[in-house]
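Results of the structural survey
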Amino acid sequence: MSNPIACRLLTAAALLCATAGAQAQRTRTNFDDNWKFHLGNGVDYTKDFNYGKDLIFAKTGDAGTTPASPRFKDAGWETVSLPHDWAVTLPFVYKNDGDLEAHGYRQTGPLFPESNVGWYRKTFQINRADSGNRFVVTFDGIFRDSRVWINGYYLGSNLSGYSGVSFDITDFLWFGKDNVITVRADASMYEGWFYEGAGIYRHTWLEKFNNLHLDHDGGVFVYTEDGKDGVNVNVEATLDNKALTTQKATISAFVTDRGGNVLATTDEATAQVPVDGAQTVKLATALHMPHRWNLDDPYLYRVTVQVKDGGRVIDQATTKFGVRTITVDKDKGLFLNGKPIKIQGVCCHQDHAGVGAALPDFLQYYRIAVLKEMGTNAYRTSHNAPTPELLDACDSLGMLVLDETRLLDSGPEYEAQFRKLLKRDRNHPSVFMWSIGNEEWVAQTNDIGKRIAQNQVTLAAQLDPTRLCTEAVNDGNVWHGVNEVLPVRGFNYNLSGVDPYRKDHPDQPIMGTEVASTVSTRGIYIRDTPNAYVPDYDSCYPPWASTAETWWTLAADRPWFMGGFAWTGFDYRGEPTPYGWPNVNSHFGIMDMCGFPKNVYYYYKSWWTAGDFIHLSPHWNWGGDEGKVIKVWVNTAARDVTLYLNGKSLGKKEMPRNGHLYWFVKYKPGTLKAVGTMADGRKIEGQVTTTGKAQKIVLTPYRKTITGDGKDGTVFNVTVLDAQGREVPDAMNLVHFDVKGNARLIGVGNGDPSSHEPDLCADGQWQRRLFNGKCQVILQGKDGDGAIELTASGDGLQGATSVITAINP
């Protein structure tokens, strides 16, 4: 009698042995380290290394005296690692210019030619033994309008700051000696109306594979369909042939679980690919009783596609995928694996405190994790193609994604960007729907917009028949234009039009693609115009917007309304609203730029989670304001709440469903406590207490163990305590940082939307002022293991030291 487990493990071992040749063929190497960087100039060629003067496009391979020439000397340039955002290193500057304001007053864009161009150069070698392979360099994101050369030969350009680009560099390589790749990024023209960064701010990769290979740009598409006894796993694999003759091969695939055990295999198929041609092969197998991907248990399988020539593996690629179903019902909303789910979503831009747009991978996971703690289950990639690592984090942690392309446009440039997005992201189980644009006010209500939208919807259905499309449309009860052809209607604000639109178009599913836009400043409870702060309540919003409570009550009460995406999960640089200078970033976030919660965070958490908690705001440090009436907000899902000041009851109130409670309380130092009764009768409590002055720093690492690969790291959140060990919520102390061990600091922040402190500091000079009791420092490890020690100090404060451990990968 055979042992099925032993057979499974044996099969896996046999297949892994068979792939040894393929592993020697296909490699994907991180290309982030040891780049040289220098600013150029957007208008003066004498300050841009003769770019624009030398005739570098007259003869192939002749790059003149510019940095594109392999003979150029860059010894005096700065050495940087990617991702790299040079805009975040620039000072803030005030000019009366709306576009500059929208981008957070950093010195990029057309007003600053001396800092809107950046040059990058990297020197590397390729072994002579690898000369029979093909080589491709991939840039996941360069902001913006980039030009790329290798060894003086021009490879091409990429206009987009968000869609990646790849170049086959095989023909231009020198084997066994130095090669030089050069990138010129020009950020003189904005692409959005928010902070966008500048430079090679996403990862770069060097890929090597056989002349007959799986298309490196979305060449494997995996999707599942429910079958009679489980799920069918469908694999579409596209082969490219860059050899000089027609190539024959066999192609097959196998599915493994998280532990690497083979669960299913496909039959072998044959392919005959002409010179410089491509062929797509369809493969299929089945999984019985699959482990389904969901928000609480985001299980990922792997499928490995192998290409063989005469029984020898010449290429293979492994792709993660999840087994899950997404269903949209016009009357009942969204379903995941057959279970109804209301979208509790947020829109987010891609920058973070300290690092600008150049987020290391671990920060992507940090941001998704803190959103999940609030109860968020969906993320909209506003308003552009996301970095792949964000989707990896959503796949791994369990977060749905509305994946958005940059513009509603079916011309060659933007259709190609959307096509690339579809092919790149369609294997991610987190992606549940595509967004073909955002607030395209010129086109969305006319026939041109309708035709563009129809083209994009059709393209999406061709490349990915498993998902639907929407668009984020900022019109109310309007039908003509894009809404006529959208499979799912997206509402940006205009909530008064939701019910009339549903009545007029009952067969079209509806979701809130962008809602709320409440503005608040963490820890500030009065309107402070000189400092450009707004109160930290769910009470202030621009004319087009609403409170969190308004939109969520509407969504929760309508089963056909799929839910929505609040603007925004985090504050972001630029778009200061309702103020301008000195405000340099938005107030829209449910959390600030560091991920510290504002008051509205606890409104969402009350109704988006099953957590038993009571949150009171504001803090209770109002020395000098004794007797002044303070508005006290209470957020909780308890059915009733009694408020006490220093043990005296201030009354009991019933909690409205999806609402909040408030009292007007005359300030008196002491303890303000709320006692709530849950639906099952249990009592829960929350309180705020008057504290003393800050005495002691506390460092709290998000993770205490990191991988010593030179890429991983962690966030340290910084707070201060008084002499009785109570956190001081209004402290503004300056804190200094020092790190020992195999690590470096890469950014600091505090969530103050009007702070002009630097995000990056010189070695030995790292510091940040607390903003209402909190700040943040971001640490990244170097290669190697061992202890890493972060020390924080401040005048009049007891310092703190925190030790984390780096472990070799």
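Presented here is a report on the structure given in the accompanying data block. Source: prediction; values computed, not measured.

This paragraph deals with the overall build of the protein chain. For the protein chain, the helix and strand inventory stands at 10 helices and 46 strands. In terms of overall size, the protein chain behaves like a compact globule, its C-alpha atoms giving a radius of gyration of 28 Å where 809 residues would be expected to give roughly 28 Å. In terms of its C-alpha atoms, the protein chain occupies a principal-axis envelope of roughly 90 × 65 × 65 Å. The buried share of the protein chain, reckoned over its 809 residues, is 59%. Taking all contacts inside the protein chain whose residues are at least 6 apart in sequence as the whole, residues at least 24 apart take part in 69%. Looking at the protein chain as shown, the accessible area adds up to about 31600 Å², and 50% of this sits on carbon and sulfur atoms. In the protein chain, which carries 81 positive and 92 negative side-chain charges, the distance between the mean positions of the two groups comes to 3 Å.

Let us now look at the pattern of salt bridges. Scanning the entire structure with this criterion turns up 39 salt bridges. Residues Asp 425 and Arg 424 are paired through a salt bridge, measuring 2.6 Å at the closest nitrogen-oxygen approach. According to the relative accessible area criterion, Arg 424 is partly exposed, its value standing at 24%. Arg 558 is the salt-bridge partner of Asp 499, the closest N and O atoms lying 2.9 Å from each other.

All right, on to empty space enclosed by the protein then. Per the stated rule, a full pass over the model turns up 7 cavities of 30 Å³ or more. Of the voids in this model, the largest cavity is the one considered here, and its volume is about 190 Å³. The element contributing the most residues to the lining of the largest cavity is helix α4 (residues 361–374), with 3 residues. Partitioning the lining of the largest cavity into residue classes produces 8 nonpolar, 8 polar and 4 charged. By volume, the second largest cavity is sized at about 130 Å³. Lining of the second largest cavity is provided by 15 residues; of these, Asn 585, Met 593, Asp 752, Asp 759 and Arg 768 occupy positions nearest its centre. Residues of the lining of the second largest cavity, tallied by class, amount to 5 nonpolar, 5 polar and 5 charged.

The rules behind the values
Residues numbered from 1 in each chain as written. Predicted model: local features only at pLDDT ≥ 70, side-chain atom pairs only at ≥ 80, totals over all residues. Heavy atoms only, no water. Helix = DSSP H or I, 4+ residues; strand = E, 2+ residues; numbered from the N terminus. Rg over C-alpha atoms; globule rule 2.2 N^0.38 Å. Buried < 20%, exposed > 50% of the residue type's maximum accessible area, 1.4 Å probe, protein only. Contact = heavy atoms within 4.5 Å. Areas by Shrake-Rupley, 256 points an atom, 1.4 Å probe, with all protein chains shown as cover. Lys, Arg positive; Asp, Glu negative; His and termini not counted. Charge placed at Lys NZ, Arg CZ, Asp CG, Glu CD. Salt bridge = Lys/Arg side-chain N within 4 Å of Asp/Glu carboxyl O. 1 Å grid on protein atoms, 1.4 Å probe; cavity = no way out; pocket = protein on both sides within 12 Å on 5 of 7 lines; lining within 4 Å. Points joined across faces, edges and corners; volume = space filled by probe spheres on them. Nonpolar A, V, L, I, M, F, W, Y, C, P; charged D, E, K, R; others polar.

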